[in-house]
Each structure stands twice: as structure tokens, then as C-alpha cells.
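An overview of the molecular structure
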Amino acid sequence: MSEVGFYHLTRSSLEEALPRLLEKAHAAGMRILLRAGSRERVDALDRHLWVYRPDSWLPHGTRADGNAPLQPIWLTEQVENPNGATLLVLVDQAADDDLASFARVLDLFDGGNEDEVAAARSRWRARREAGHRLVYWRQTERGAWEKASEEG
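Residues numbered from 1 in each chain as written. Predicted model: local features only at pLDDT ≥ 70, side-chain atom pairs only at ≥ 80, totals over all residues. Heavy atoms only, no water.

1. Details of the overall build of the protein
- A count of helices and strands for the protein gives three helices and seven strands.
- Secondary structure of the protein in N-to-C order comes out as β-α-β-α-β-β-β-α-β-β.
- Here the C-alpha atoms of the protein give a radius of gyration of 15 Å, agreeing with the 15 Å that 2.2 N^0.38 yields for 152 residues.
- Along the first, second and third principal axes, the C-alpha atoms of the protein reach 35 × 35 × 30 Å.
- A buried classification covers 45% of the 152 residues belonging to the protein.
- The long-range fraction of contacts in the protein, counting pairs at least 24 apart against all pairs at least 6 apart in sequence, stands at 59%.
- For the protein, the centre of its 20 positive side-chain charges and the centre of its 25 negative side-chain charges are spaced 5 Å apart. (Helix = DSSP H or I, 4+ residues; strand = E, 2+ residues; numbered from the N terminus. Rg over C-alpha atoms; globule rule 2.2 N^0.38 Å. Buried < 20%, exposed > 50% of the residue type's maximum accessible area, 1.4 Å probe, protein only. Contact = heavy atoms within 4.5 Å. Lys, Arg positive; Asp, Glu negative; His and termini not counted. Charge placed at Lys NZ, Arg CZ, Asp CG, Glu CD.)

2. A look at the sheet that holds strand 6 (residues 133-139)
- Spatially, the seven strands line up as an open sheet ordered 3-2-4-5-1-6-7, and their pairing is mixed. Whereas interior strands pair on both sides, the edge strands pair on one side only; in this sheet they are strand 3 (73-76) and strand 7 (145-151). Each adjacent strand pair in this sheet contributes to an overall mean axis angle of 20°, direction not counted.
- Two strands pair when backbone bridges link them, and strand 1 (residues 3-9) and strand 5 (residues 104-110) are joined in this way by seven bridges, in the parallel orientation. Residue pairing across strands places tyrosine 7 opposite leucine 108, the latter belonging to strand 5.
- On the sheet, helix 1 (residues 14-27) packs against strand 1, strand 2 (32-35), strand 3, strand 4 (87-90), strand 5 and strand 7 and is oriented at approximately 160° with respect to strand 2.
- Lying on the sheet, helix 2 (residues 39-51) is in contact with strand 2 and strand 3; it crosses strand 3 at an angle near 150°. (Pairing = 2+ DSSP bridges. Axes fitted to C-alpha atoms, helices over the stretch in contact; angles between N-to-C directions.)

Printed below as a string of C-alpha cells:
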């Protein structure tokens, strides 16, 4: 089973928090699959990851770029793993039918949106029942992440 980390965005937007999480995972040598809820969101995140900071550079690609096996970070809206990722990052309540095929999963959700919070709670329960190890991460006042609880 996978370790599933729930990242409750309360101090940062997804666009602020996501690049920092991807930077850490990439620096640790992980291959990453980022799955969004729609093709439009994939395109927007693709553009954002090239310009989120003037000195930033996160190597990534999408279906439009091709060469998935060569991409350390692959952005998609589909249930696939063409770059052999071991870390799955889910945004926008993206499809999660294949969690067990990843060592780790990050599930990011907007704490300011009650529908997203309710959906995250439902996913927590379903993933607990499926036997995954769960970790809940919350943001501190400064936007850093702290482990608030874990199960399994």
C-alpha cells in the first residue's frame, strides 16, 4: 500500500505551494506524476511551473512535449504513469484509481473551499479502508508544512 499525504492548503494557494513540494521531491531524486482534474488545468500548471520564480527551473513535460520516459515530472489529467513515477501528486480531486502503484501520494486540497475539504475527508476514509498509510499535513502560520496526524 501507498503512503498518502493529505496537504491542507490554508496559507498558500496551490500555485504557491505546489512548486516548493515538487522541488523537494525532485531534489530527492523522485520521479513524479502530477495529475490534475482537466487538460486545461494541466496546461495552466505547465505554464506556471516554467515561470513561478525568476530563477526557477523544474524539468517537466506533458503529452504536448512528448518523451514521457525522459521527463522527471510528468503532468497529466489521465490515469497513466508514462514516466515510471513513484510519487503521485493529485490536485483538483483528480482520479486516484491507481494509488497502490505508487510508493507515495500527495493529495493537495484547498482549505478555503468547504466542498474540497468535505471531499478530502471522504477520500481519507476511503483510503483508510483500502489500507493505505495516511499522513495529514497542515500549514503553519508561515506556510511551512507540519505533520498533524498519521494512521496506519
